[in-house]
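Here is what each chain is made of, one letter per residue.
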Amino acid sequence: MNEKLDQLLQRHEELAAQMSVQDYEDTQAFVRASKEYSDLAPVVEAIRALRAAEREAEGLEEIMADAGGDAEMRALAQDELPALRETIAGHEHRLKVLLLPRDAADEKNAILEIRAGTGGDEAALFAADLFRMYQRYAELRGWRLALMQATETGIGGFKEAIAEISGGGVFARLKFESGVHRVQRVPETESSGRIHTSAATVAVLPEAEEVDVAIDERDLRIDVFRASGPGGQSVNTTDSAVRITHVPTGIVVSQQDEKSQHKNRAKAMKVLRARLYQAERAARDAERAAERKSQVGSGDRSERIRTYNFPQGRVTDHRIGLTLHKLDRILAGEALDEVIDALTTHDQAARLAEIS
């Protein structure tokens, strides 16, 4: 382990030396080196903190082992050592977490897809609530959320909403949100005050670049049609809407929010690329699923992951048994980090258990 840590420290110093060269000719190489240097920085900080604490502990142990030394100093060293050992254990844990293999998609932007499930109009209203929750959360984190497509119900609900969220580490924060979100509340249209249960599905897909997934144009069937709004009225007089079918997988993506057929095609390709990339990731994850029984969730949109109970003001994440009585603050995006942090910690603990 120490040898590996020494190698990381050495690599960090090598990168610093490389980037200090004034005539760096290869711009892309400089960008890669800068990113690697930045990624290593917290690891190097943790290594140095750990080794400083270990040296301090060795010094205390030497004082305690010196039978001819000052008795008061030995007693003081004996008092300080337990707390220092706890500090060392904390540094070791932090270092192990930092050294866990990283998900290659963690730093990517994300495509957020929300669809109303069972529950009719109430499910569509809940889907809109979830969309606003992620929209507010994105604002709080300084991310940019751009609505790509929405199918509204006319009463403030969403049958479907697709958005692109861009910023630092978007997918890493949102990747555990995929699945079925259930709501229990009294609908505004319910005169008897009876609690209804509805659901909406959320899918968070890492945005894929062309280098991440190759799409053969010959595998695509592209149809164009006239865009229409709620109720079927025409919102465009030209065939600007685009429907792309990836024949090998049967994945279909439609886009009609833009007046330009070219822009609709570009947006549809972005969503298709993300879905294909996620399908590839899901296939790889399935191969490891049997070995990893303690995973937070498969990301399968059919898995029920969370319940929002309005009468009790609580949100329960069923994967980790977490219940928070902060429903309003979670839906406002303010306390969503508490759920996401707990899921991330659980995932890290499960992965640490696999390698220990």
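Our subject in this report is the structure included herewith. All figures in this text were calculated on a predicted structure; none of them were measured in a lab.

Each value, and the rule that gives it
Residues numbered from 1 in each chain as written. Predicted model: local features only at pLDDT ≥ 70, side-chain atom pairs only at ≥ 80, totals over all residues. Heavy atoms only, no water. Helix = DSSP H or I, 4+ residues; strand = E, 2+ residues; numbered from the N terminus. Buried < 20%, exposed > 50% of the residue type's maximum accessible area, 1.4 Å probe, protein only. Contact = heavy atoms within 4.5 Å. Areas by Shrake-Rupley, 256 points an atom, 1.4 Å probe, with all protein chains shown as cover. Pairing = 2+ DSSP bridges. Expected span 1.5 Å × (residues − 1). Phe/Tyr/Trp six-rings, centres within 6.5 Å; stacked < 30°, edge-to-face > 60°. Lys NZ or Arg CZ within 6 Å of the ring centre and 35° of its normal. Axes fitted to C-alpha atoms, helices over the stretch in contact; angles between N-to-C directions.

### As for the overall build of the protein chain
In terms of regular secondary structure, the protein chain is built from eight helices and eleven strands. A burial count over the protein chain gives 39% of its 356 residues as buried. In the protein chain, the proportion of contacts linking residues at least 24 apart, taken out of those at least 6 apart, comes to 61%. For the protein chain, the exposed surface amounts to about 19600 Å²; the carbon and sulfur share of it is 49%.

### A short note on the pairing of strand β9 (residues 304-309)
Within β9, five of the six residues are buried, leaving the element largely enclosed by the surrounding structure. Where strand β4 (residues 179-185) meets β9, five bridges bridge the pair, whose relative direction is parallel. Its bridge partner lying in β9, V183 is registered against Y308. Note: β9 against strand β10 (residues 314-317), four bridges, orientation antiparallel. Along β10, the bridge assignment pairs T307 with T316. What sits between the antiparallel neighbours β9 and β10 is a turn of four residues, in which G313 has the positive phi angle 60°.

### Brief notes about helix α4 (residues 120-140)
Relative to the 30 Å expected for 21 residues at 1.5 Å per residue, α4 spans 31 Å between its end C-alpha atoms, a close match to the ideal helical length. One or two steps after α4, the chain reaches G142, where phi turns positive at roughly 75°.

### Here we look at the packing of aromatic side chains
Applying the stated rule across the entire model yields three aromatic pairs. Judged by centre distance (5.5 Å) and plane angle (90°), the rings of F131 and F158 are edge-to-face. In this pair, F131 sits in helix α4 while F158 sits in strand β3 (residues 158-166), placing the two residues 27 residues apart along the sequence. Each member of the pair, F131 as well as F158, carries the same accessibility label: buried. With a centroid separation of 5.6 Å and an interplanar angle of 85°, the aromatic rings of Y137 and W143 are classed as edge-to-face. Residue Y137 is classed as buried on the basis of its relative accessible area, which comes to 1%. Lying across the ring of F310, R185 places its NZ or CZ 4.8 Å from the centre.

### With respect to the sheet that holds β9
Pairing within the open sheet is mixed, and its eight strands lie in the order β2-β3-β1-β5-β4-β9-β10-β11. The open sheet has two edge strands with one neighbour each: β2 (144-152) and β11 (322-324). Each strand of the sheet is rotated relative to its neighbour by a mean of 15°, with strand direction disregarded. Bridge count for strand β1 (residues 110-116) against β3 is six bridges, and the pairing is antiparallel. In the strand pairing of β3, A110 is matched with I165. Sheet contacts for α4: β1, β2, β3, β4, β5 (196-206) and β9; angle to β4, the most-contacted strand, approximately 115°. Lying on the sheet, helix α8 (residues 336-355) is in contact with β9, β10 and β11; it crosses β11 at an angle near 165°.

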